[in-house]
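# A structural walkthrough
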Amino acid sequence: MAEFLAVALITILAVISPGADFAIVTKNSYLYGRQTGLLTAIGIALGVLVHVSYTLVGVAVVLKFAPNLLTYIKYLGAFYLIYIGYKTFTQLPVADTNRSNPLSKRQALQYGFFTNALNPKTTLFVVSTYTQIVSSLTPKAVLIGYGLFMSLAHFVWFAMVVLVFSQQQLRQQMLQRQVVINRVIGLILVMLGIFLLLAHV
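So, a few notes on the structure that sits alongside this text. (Residues numbered from 1 in each chain as written. Predicted model: local features only at pLDDT ≥ 70, side-chain atom pairs only at ≥ 80, totals over all residues. Heavy atoms only, no water.)

### Here we look at the packing of helix 1 (residues 2–16) against helix 6 (residues 120–133)
- Two elements in contact, helix 1 and helix 6, have axes whose closest approach is 11 Å; the angle formed by their N-to-C orientations is 170°. Comparing their axes, helix 6 and helix 1 come out roughly antiparallel. Helix 1 and helix 6 meet at a crossing whose hand is right-handed. Here Glu3, Ala6, Val7, Ile10, Thr11 and Ala14 of helix 1 lie close against helix 6, whose contacting residues are Lys121, Phe125, Thr129 and Ile133.
- A per-class count over the contact of helix 1 with helix 6 returns six nonpolar, two polar and two charged. (Axes fitted to C-alpha atoms, helices over the stretch in contact; angles between N-to-C directions. Helix = DSSP H or I, 4+ residues; strand = E, 2+ residues; numbered from the N terminus. Parallel < 35°, antiparallel > 145°, perpendicular 65-115°, else oblique. Left-handed = near helix turned anticlockwise from the far one by under 90°. Contact = heavy atoms within 4.5 Å. Nonpolar A, V, L, I, M, F, W, Y, C, P; charged D, E, K, R; others polar.)

Here is the structure:
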């Protein structure tokens with residue numbers, strides 16, 4: 001029970017701490033609406049399972065065959081943050097999202113998925129939870145349950161974020177200021193990416 005409470009607490013803190021996932025969900029929710037935001041949140045939850053999967057296989061085993069895997073993920077994540085930050089910063093204003101949505105369902109899922117599959121914050125959170133908090137004697141079924149809980153917690157939190165930022169009145173206010181908002185979000189993402197690159201130099 002104590003182990004589960006520790007995992008739950010760390011998961012909640014990791015989920016609600018602002019990062020690239022929060023930025024991309026906010027952007028997709030206010031620009032394109034609730035459905036796109038929820039699909040992005042689902043993608044984020046699925047991205048968590050990537051880290052859970054290789055951690056459950058065994059970080060030591062994975063690193064034995066691909067010793068630089070975590071480093072590659074961190075670099076890919078940094079470049080991805082810079083890329084989506086640049087795209088967000090330079091994005092042209094969306095005129096009428098109620099009539100046409102430039103993001104397909106698949107693209108919304110992909111945005112969320114790659115944001116967390118390549119997110120160093122999520123990588124460190126999942127790996128450290130399984131290697132430092134969870135006991136080596138914990139049954140495999142419980143370990144899988146922890147992973148599903150982590151993924152579900154991400155979806156629930158970001159679904160709530162979607163509900164807030166996709167409210168029609170708030171959306172309209174944000175859409176009127178979308179150029180400024182997108183530049184702020186884009187700048188934050190680019191700065192996060194640069195910070196991660198410099199941290200690994």
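There's plenty left to go through after this.
### Here's the deal with the pattern of salt bridges
- In the structure shown here, the tally under the stated rule is one salt bridge.
- Here lysine 121 ties to aspartate 21 by a salt bridge, and the two come within 3.7 Å at their closest N and O atoms. In this pair, lysine 121 is assigned in helix 6 and aspartate 21 in helix 2 (residues 20–32), connecting sequence segments 100 residues apart.
- Residue classification places lysine 121 among the partly exposed residues on the basis of a relative accessible area of 27%. (Salt bridge = Lys/Arg side-chain N within 4 Å of Asp/Glu carboxyl O. Buried < 20%, exposed > 50% of the residue type's maximum accessible area, 1.4 Å probe, protein only.)

### Digging into the side chain of threonine 129
- Along the chain, threonine 129 falls in helix 6.
- Of the residues examined, threonine 129 reaches a relative accessible area of 1% and is grouped as buried.
- Sequence-distant contacts of threonine 129, defined by excluding residues within four places in its chain, comprise Val7, Ile10, Val134 and Met150.

### What about helix 7 (residues 140–165)?
- For helix 7, with 26 residues, the first-to-last C-alpha span of 38 Å sits near the 38 Å given by 1.5 Å per residue.
- Taken together, the buried positions of helix 7 are Leu143, Tyr146, Gly147, Met150, Ser151, Ala153, His154, Phe158, Ala159, Val161, Val162 and Phe165. (Expected span 1.5 Å × (residues − 1).)

### Here we look at the nonpolar core
- In terms of nonpolar packing, the biggest core is built from 28 residues, with Val25, Ile84 and Leu189 touching the most fellow members.
- When contributions to this core are tallied by element, the ones reaching two or more residues are helix 2, helix 3 (34–65), helix 4 (69–89), helix 7, helix 8 (168–176) and helix 9 (178–199).
- Top element by residues in this core is helix 2. It accounts for seven residues.
- What isoleucine 84 contacts, discounting residues up to four positions off in sequence, is Ile24, Tyr111, Thr115 and Leu189.
- Grouped together as the second largest cluster of nonpolar side chains are 12 residues, Val7, Tyr130, Val134 and Leu143 included. (Core = buried A, V, L, I, M, F, W, Y, C linked by side-chain atoms within 4.5 Å.)

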